[in-house]
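Structure assessment
Chain residues, written in single-letter form:
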Amino acid sequence: MTLLDKAIVLMLPVVPKPVVQLFSSQYIAGSTLDEAVEVVRTLNGEGKLATVDVLGEEITRESEARAIAQAYCEAFTAIERDHLDSNVSIKPTALGLDLSYELCRENLETVVTEAARYGNFVRIDMEDSATTSDTLRLYRELRESGFDNVGVVLQAYLHRTPDDVRELADLEPNVRLCKGIYIEPPTIAFTGYEEVRANYVRALDALLDAGAYVGIATHDEWLIGQALDRVEGMDTADYEFQMLLGVRERRASELVAAGHRLRVYVPFGEHWYQYSLRRLQENPTMAGTIAKATVNRVLGR
Ligand SMILES: Cc1cc2nc3c(=O)[nH]c(=O)nc-3n(C[C@H](O)[C@H](O)[C@H](O)COP(=O)(O)OP(=O)(O)OC[C@H]3O[C@@H](n4cnc5c(N)ncnc54)[C@H](O)[C@@H]3O)c2cc1C
């Protein structure tokens, strides 16, 4: 990214919401479950798996958190009804983690129980570092209460990740490994591009050594290459690649054609704003286009 792009990225939060919505539409399936179902159907037709995310991280009330849990239960019904190949991904704050751990735990257990009823699976997303320990605790508690249909996420940019891999090892965990998207201080996170890549590869090796099922979530061609070297000769049922909706779709299709499992993250819902900002902030070509659109809008063109 150029310095100008970086400056524009910092300005994104003051960009008018309709402009953000316009440019983030490639990353969001829509605002309704029906729209998400259509996107999943298309992906499945291309041989890709999906994971559906009900966007809801801006919630502030218990009733909203319960409504998101209910929306996930409805998603399982639709997945089953339409014979789709999709699981779900959940942000703990959408289930109320910022309100109380117990509320989130209760909502999560409701969703995981419903998933189990359908033979489906729940991935607990990882959010900013204030939530890491609670999120790993939620995962352990669910696994220790007998739920095997649940997985978690580790972020390669955190210094603590190698320790977290070691601590999870006894569970033979199901882990999505990503770089990490939230802005964290250098005291707890690597900030250099190459450092994050190196920690990613170390964590991937450690997870595979521990017998984990790994969701290799990256669009970084170098990391995809490193992962392909490591999974060579493995049963393709023992790992999967993961990408975000609207990002590197051709590369995703190539991985499918080469026989790998590839899952696409499909977010939908009314609470699209925070998710969209994060996606736009990491899009190397979008910043300048957004700046022009914003200026045009401000000038009334
Ligand atoms: C399936 C999935 C689930 C995720 N879940 C989480 C999570 O739970 N917690 C979390 O903190 N992070 C999560 N992330 C985000 C992740 O941490 C990274 O921020 C994100 O994937 C970008 O890192 P990268 O490895 O793709 O490498 P980058 O170096 O950022 O990207 C490599 C290349 O991919 C392309 N690219 C990447 N992002 C975009 C974009 N938005 N638009 C257009 N092109 C793009 C560009 O060509 C870029 O050069 C998830 C990512 C994926 C794929």
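To keep things clear, this report deals only with the structure shown in the data block. Only a predicted model underlies this, so the values are computations on that prediction, with no experimental measurement involved.

1. Focus: the overall build of the protein
Each helix and strand counted, the protein has 12 helices and eight strands in total. Dimensions of the protein, computed from the C-alpha atoms along their principal axes, are close to 60 × 40 × 40 Å. Long-range pairs, those at least 24 residues apart, make up 74% of the contacts in the protein between residues at least 6 apart in sequence. Total accessible area on the protein stands at roughly 13,700 Å², and carbon and sulfur atoms take up 53% of it.

2. Quick word on helix 9 (residues 221–231)
Taken together, the buried positions of helix 9 are occupied by Leu223, Ile224, Gln226, Ala227 and Val231. For helix 9, the buried positions fall inside an angular range of 160° around the axis, keeping them on one side. For helix 9, the elements touching its buried residues are helix 8 (193–209), strand 6 (213–217), strand 7 (239–244) and helix 10 (249–257). The N-terminus of helix 9 is capped by Asp220, whose side-chain oxygen sits 3.0 Å from the backbone nitrogen of Trp222.

3. Describing the sheet that holds strand 7
Pairing is parallel around the closed barrel formed by eight strands, whose spatial order is 1-2-3-4-5-6-7-8. Across the sheet, the axes of successive neighbouring strands diverge by a mean angle of 30°, strand direction being ignored. As paired elements, strand 2 (residues 86–90) and strand 3 (residues 122–124) share three bridges and run parallel to each other. In the sheet register, Ser89 faces strand 3, and the bridge partner there is Arg123. The strands touched by helix 3 (residues 33–45) are strand 1 (49–54), strand 2 and strand 8 (262–268); relative to strand 8, the strand with the most contacts, the crossing angle is about 165°.

4. With respect to the pattern of salt bridges
All chains considered together, the criterion is met by 28 salt bridges. We note a salt bridge from Arg140 to Glu144, for which the minimum N-O separation is 2.9 Å. Residue Arg140 and its partner Glu144 are both found in helix 6 (residues 132–144); the two are separated by four residues, about one turn of the helix. Judged by its relative accessible area of 24%, Arg140 is partly exposed.

5. Re the site of the ligand
Near the ligand, the surroundings consist of 25 residues, among which Tyr27, Gly180, Tyr193, Thr218 and His219 are the closest. In this structure, an oxygen atom belonging to the ligand sits 2.9 Å away from a side-chain N or O atom of Gln155. Note that an oxygen atom of the ligand is positioned 2.4 Å from one of the side-chain N or O atoms of Tyr193. Contact with the protein chains removes 86% of the 930 Å² of surface that the ligand exposes when unbound. The biggest single contributor to the shell around the ligand is strand 7, with three residues. Across the shell around the ligand, the residue classes break down as 13 nonpolar, six polar and six charged.

6. Things to note about the side chain of Glu114
Locating Glu114 in the fold gives a position in helix 5 (residues 101–117). Contacts of Glu114, omitting those with residues within four sequence positions, involve Cys73 and Phe76.

Cut-offs applied
Residues numbered from 1 in each chain as written. Predicted model: local features only at pLDDT ≥ 70, side-chain atom pairs only at ≥ 80, totals over all residues. Heavy atoms only, no water. Helix = DSSP H or I, 4+ residues; strand = E, 2+ residues; numbered from the N terminus. Contact = heavy atoms within 4.5 Å. Areas by Shrake-Rupley, 256 points an atom, 1.4 Å probe, with all protein chains shown as cover. Buried < 20%, exposed > 50% of the residue type's maximum accessible area, 1.4 Å probe, protein only. Arc of directions from axis to C-beta. Polar contact = N/O pair within 3.5 Å; in protein donor to acceptor, adjacent residues only side chain to side chain. Pairing = 2+ DSSP bridges. Axes fitted to C-alpha atoms, helices over the stretch in contact; angles between N-to-C directions. Salt bridge = Lys/Arg side-chain N within 4 Å of Asp/Glu carboxyl O. Near = heavy atom within 4 Å. Nonpolar A, V, L, I, M, F, W, Y, C, P; charged D, E, K, R; others polar.

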